[in-house]
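# Structure assessment
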Amino acid sequence: SDSVDLGGIDTVLENIAGVWKLQLMAGSKGDRVNYFSKTLAWQEFDIEKMTYKAFGPSGFLSLSQSGAFDIEGEQRIISRKEVEKDGPAKFFTDVYSSKLSGPTAAVNLQQQIMSIDSEMLITRAVVPKINLSETMKEYFCVWRRSENSYS
């Protein structure tokens, strides 16, 4: 099975609390790496309220959003609900689409936590098999802990 030992769900929640900045996204074969070092894309988790905020480019525009999140206990899959959008891209971005790309996908597609510690969070997109082409371009996401709250 695909289970990953990350410690108990409480440990995962404790680790995920705070602000994360997107560093890179890579294809399902670990290829086609896109770096986001010059791009501001971030997400922040509040584990007391189980809410999140996120911001990033969506096409040529930017999108900020907030809502509630949940982490499924067995598979460690982050899902989001009650999403509220703001910013220029809000009318053009369907956050519930499975065809998102870039930082918008990094936040809105269901993401399975592959690895997490106090400094780094690695997730992979959970998409319906039908949408997973052989080499999905933006499958893995690497987030680095940030001291800044950008919001």
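Attention in this report is confined to the structure presented alongside it. Bear in mind that the values here come from a model prediction, so they are computed numbers and not experimental data.

## Considering the pattern of salt bridges
Using the criterion set out here, one finds two salt bridges in the structure. Its salt-bridge partner being K49, residue D46 comes within 3.6 Å of it at the nearest N-O pair. Here K90 ties to D86 by a salt bridge, and the two come within 3.9 Å at their closest N and O atoms. Residue class for K90 comes out partly exposed when judged on its relative accessible area of 28%.

## Considering the side chain of S58
Here S58 lies in strand β4 (residues 51-58). Those residues in contact with S58 that lie beyond four places of it in its chain are L63, A89, T93 and T104.

## Re the pairing of strand β1 (residues 18-26)
Burial of β1 is extensive: seven of the nine residues sit out of reach of the surface. Examined bridge by bridge, β1 and strand β3 (residues 42-46) share four bridges and lie antiparallel to one another. Looking across to β3, one finds that W20 is bridged to Q43. Sheet analysis places β1 next to strand β9 (residues 140-146), joined by seven bridges and oriented antiparallel. Bridge assignment links W20 to a residue of β9, and that residue is R145.

## Remarks on the packing of aromatic side chains
In total, this model carries two aromatic pairs according to the counting rule given. Ring plane angle 70° and centroid distance 4.8 Å describe the contact between F45 and F69, whose orientation is recorded as edge-to-face. Here F45 is found in strand β3, whereas its partner F69 is found in strand β5 (residues 61-71), with 24 residues between them in sequence. Judged by relative accessible area, F45 falls into the buried class, the value being 4%. The ring of Y52 is capped by R80, whose NZ or CZ atom sits 4.7 Å from the centre of that ring.

## Some points on the side chain of T123
Counting through the fold element by element, T123 comes out in strand β8 (residues 120-126). Residue classification places T123 among the buried positions, given a relative accessible area of 1%. Separated by 2.9 Å, the side chains of T123 and Q111 make a polar contact.

## Brief notes about the nonpolar core
Counting residues in hydrophobic clusters, the biggest one holds 26 residues, and the most contacted among them are I16, L22, I71, I113 and W143. Every element with two or more residues in this core is listed here: α1 (9-16), β1, β4, β5, β6 (77-86), α2 (102-108), β7 (110-116) and β9. With residues near it in sequence (within four places) discarded, L22 still touches F36, A41, P103, A106, C141, V142 and W143. Grouped together as the second largest cluster of nonpolar side chains are six residues, L100, A105, L109 and A125 included.

Rules and cut-offs
- Residues numbered from 1 in each chain as written.
- Predicted model: local features only at pLDDT ≥ 70, side-chain atom pairs only at ≥ 80, totals over all residues.
- Heavy atoms only, no water.
- Salt bridge = Lys/Arg side-chain N within 4 Å of Asp/Glu carboxyl O.
- Buried < 20%, exposed > 50% of the residue type's maximum accessible area, 1.4 Å probe, protein only.
- Helix = DSSP H or I, 4+ residues; strand = E, 2+ residues; numbered from the N terminus.
- Contact = heavy atoms within 4.5 Å.
- Pairing = 2+ DSSP bridges.
- Phe/Tyr/Trp six-rings, centres within 6.5 Å; stacked < 30°, edge-to-face > 60°.
- Lys NZ or Arg CZ within 6 Å of the ring centre and 35° of its normal.
- Polar contact = N/O pair within 3.5 Å; in protein donor to acceptor, adjacent residues only side chain to side chain.
- Core = buried A, V, L, I, M, F, W, Y, C linked by side-chain atoms within 4.5 Å.

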